[in-house]
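Spelled out from the first residue to the last, the chains are:
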Amino acid sequence: MWLKLLIVALFLAVLASLSSALFFLLKDMGAPQSKRTLYALGVRIALAALLLLAIWYGFESGILAKTAPWAQKY
């Protein structure tokens, strides 16, 4: 159960980082030297990598499973 909560938390953090990048992009239109948008997108990439690693770990350890009806056919 803890892994599913971690995955949801990481997904929400990715969305928050993406939202903050959009906010910084719109707020810093006239300031080309500002790097806040770049840093927020860098955080998003790191969080997305952690999210993918958590999902991979869940499938490899057996905590997460494929339950779709078509998953057994392929």
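Further up the page is the structure itself.
About the thresholds
- Residues numbered from 1 in each chain as written.
- Predicted model: local features only at pLDDT ≥ 70, side-chain atom pairs only at ≥ 80, totals over all residues.
- Heavy atoms only, no water.
- Helix = DSSP H or I, 4+ residues; strand = E, 2+ residues; numbered from the N terminus.
- Rg over C-alpha atoms; globule rule 2.2 N^0.38 Å.
- Buried < 20%, exposed > 50% of the residue type's maximum accessible area, 1.4 Å probe, protein only.
- Contact = heavy atoms within 4.5 Å.
- Areas by Shrake-Rupley, 256 points an atom, 1.4 Å probe, with all protein chains shown as cover.
- Axes fitted to C-alpha atoms, helices over the stretch in contact; angles between N-to-C directions.
- Parallel < 35°, antiparallel > 145°, perpendicular 65-115°, else oblique.
- Left-handed = near helix turned anticlockwise from the far one by under 90°.
- Nonpolar A, V, L, I, M, F, W, Y, C, P; charged D, E, K, R; others polar.
- Expected span 1.5 Å × (residues − 1).

Asker: Would you take a moment to explain the overall build of the protein chain for this structure?
Answerer: For the protein chain, the helix and strand inventory stands at two helices and zero strands. Taken against the 2.2 N^0.38 rule, which gives 11 Å for 74 residues, the C-alpha radius of gyration of the protein chain at 17 Å runs more than 25% over that of a compact globule. With the principal axes as the frame, the protein chain shows a C-alpha extent of 55 × 25 × 15 Å. Burial statistics for the protein chain: of 74 residues in total, 19% are counted as buried. Restricting the contact set of the protein chain to residue pairs at least 6 apart, pairs at least 24 apart contribute 58%. For the protein chain, the exposed area adds up to about 5900 Å²; of that, 73% sits on carbon and sulfur atoms.

Asker: Looking at this structure, how should I read the packing of helix α1 (residues 2-27) against helix α2 (residues 36-61)?
Answerer: For any two helices packed against each other, one specifies the inter-axial angle together with the distance between the axes. In contact at an axis separation of 8 Å, α1 and α2 are set at 165° when each is read in the N-to-C sense. With respect to α2, the element α1 is oriented roughly antiparallel. Judged by the sense of rotation from one axis to the other, the crossing of α1 with α2 is left-handed. Of the residues assigned to the contact of α1 with α2, the class counts are 22 nonpolar, four polar and three charged.

Asker: Is there a simple way to explain α2 in this structure?
Answerer: Each α-helix winds once per 3.6 residues, and so residues spaced three or four apart point in a common direction. When the terminal C-alpha atoms of α2 are compared, their 37 Å separation across 26 residues agrees well with the 38 Å that a helix rising 1.5 Å per residue should span. Taken together, the buried residues of α2 touch α1. Positive phi appears at Gly62, one or two residues downstream of α2, with a value of about 90°.

Asker: Could you clarify how one ought to interpret α1 in this entry?
Answerer: With 26 residues, α1 extends 37 Å from end C-alpha to end C-alpha; this agrees with the ideal 38 Å at 1.5 Å per step. Turning to α1, its buried residues number three or more, namely Leu3, Ile7, Leu10, Val14, Ser17 and Ala21. Looking at the packing, one finds that the buried side of α1 touches α2.

Asker: Quick question: what am I supposed to make of the side chain of Ser17 here?
Answerer: Relative to the elements of secondary structure, Ser17 occurs in helix α1. Using a relative accessible area of 7% as the deciding quantity, one classes Ser17 as buried. Apart from residues no more than four positions distant in its own chain, Ser17 is found in contact with Ala40, Val43, Arg44 and Leu47.

Function-wise, these values are silent; they only describe arrangement.
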